[in-house]
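The primary structure of each chain is shown beneath.
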Amino acid sequence: MVDHEEEQDRLLPIANVGRIMKQGLPQRAKVSKEAKQRMQECATEFLSFVTAEASDKCHKENRKTVNGDDICWAMSALGFDNYAEATTRYLNKYREAERHRLAANQSNININTSSSSQLEIREGDQLPNYLSGTQPPNLEFRILETGDNSFAKPS
């Protein structure tokens, strides 16, 4: 039997689930704790189901990293075509926005490298997010070992 703490580590954060649930409701509406918990379990199960399918595809293709296209493919392969189409559109818009953001950062930054290969950043220079620490880290999905259905905490 899985203890309560391990079960909670496996599930999506309940505060985030509740926040998403409330977005579709009138401002004064309340969502019960039990409703949040059930939605948390269902959403976690759905994401695990889709991710496992994408992971299997990557494993068959001898790849170790699951990407957004793999997730969209898995949704479609599992019969969630409407979700796959919407997610693919979102993924394409996200990638386009990232290209524009990177191009804007490259045209706005004045970083020179000296002969000692150190970065020289002048006052007033706009740092790209990956240098300033304001961009969240890139997320990477790893394939679970064959037959391992556990969700291990990253170490």
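Now for a look at the structure at hand. Just so it is clear, the structure is predicted and the values come from calculations on it, not from any experiment.

### Concerning the environment of Lys-22
Here Lys-22 lies in helix 2 (residues 14–23). When near neighbours in sequence (up to four residues on either side) are disregarded, Lys-22 contacts Ala-29 and Val-31.

### Observations regarding the packing of aromatic side chains
Evaluated as defined, the whole model comprises three aromatic pairs. Ring centres of Phe-46 and Phe-80 lie 5.0 Å apart, and the angle between their planes is 85°; this geometry places the pair in the edge-to-face category. Of this pair, Phe-46 sits in helix 3 (residues 33–60) while Phe-80 is found in the loop between helix 4 (68–77) and helix 5 (81–108), placing the two residues 34 residues apart along the sequence. For the ring pair Phe-80 and Tyr-83, a centre distance of 6.0 Å and an interplane angle of 55° mean the geometry is tilted. Residue class for Phe-80 comes out partly exposed when judged on its relative accessible area of 25%. Lying over the aromatic face of Trp-73, Lys-57 brings its terminal NZ or CZ to 5.4 Å of the ring centre.

### Details of the nonpolar core
One finds Val-50, Ala-54, Cys-58, Val-66, Ile-71, Ala-74, Met-75 and Ala-84 forming the largest nonpolar core, which totals eight residues. Non-local contacts of Ala-54, meaning those with residues more than four positions away in its chain, are made with Val-66, Asp-70, Ile-71 and Ala-74.

### Observations regarding the layout of surface pockets
There is about 350 Å³ of room inside the second largest pocket. Every residue along the wall of the second largest pocket is listed here: Leu-12, Pro-13, Asn-16, Val-17, Ile-20, Met-21, Met-39, Ala-43, Phe-46 and Leu-47. Residue assignment for the lining of the second largest pocket shows that the elements contributing at least two residues are helix 2 and helix 3. Grouping the constituent residues of the lining of the second largest pocket by class yields nine nonpolar, one polar and no charged.

### Here we look at the pattern of salt bridges
Tallied over the full model, the rule gives eight salt bridges. The closest approach of N and O atoms between Asp-70 and Arg-63, which form a salt bridge, is 2.7 Å. For Asp-70, a relative accessible area of 3% gives the class buried. The closest approach of N and O atoms between Arg-95 and Asp-69, which form a salt bridge, is 3.2 Å. A residue pair is termed long-range when its members are at least 10 positions apart, and Arg-95 in helix 5 and Asp-69 in helix 4 qualify at 26 residues. Given the relative accessible area of 29%, Arg-95 is considered partly exposed. Overall, Asp-69 belongs to the partly exposed group, its relative accessible area being 39%. One salt-bridge network, held together by shared partners, links Lys-57, Glu-61, Arg-63 and Asp-70.

Thresholds applied
Residues numbered from 1 in each chain as written. Predicted model: local features only at pLDDT ≥ 70, side-chain atom pairs only at ≥ 80, totals over all residues. Heavy atoms only, no water. Helix = DSSP H or I, 4+ residues; strand = E, 2+ residues; numbered from the N terminus. Contact = heavy atoms within 4.5 Å. Phe/Tyr/Trp six-rings, centres within 6.5 Å; stacked < 30°, edge-to-face > 60°. Buried < 20%, exposed > 50% of the residue type's maximum accessible area, 1.4 Å probe, protein only. Lys NZ or Arg CZ within 6 Å of the ring centre and 35° of its normal. Core = buried A, V, L, I, M, F, W, Y, C linked by side-chain atoms within 4.5 Å. 1 Å grid on protein atoms, 1.4 Å probe; cavity = no way out; pocket = protein on both sides within 12 Å on 5 of 7 lines; lining within 4 Å. Points joined across faces, edges and corners; volume = space filled by probe spheres on them. Nonpolar A, V, L, I, M, F, W, Y, C, P; charged D, E, K, R; others polar. Salt bridge = Lys/Arg side-chain N within 4 Å of Asp/Glu carboxyl O.

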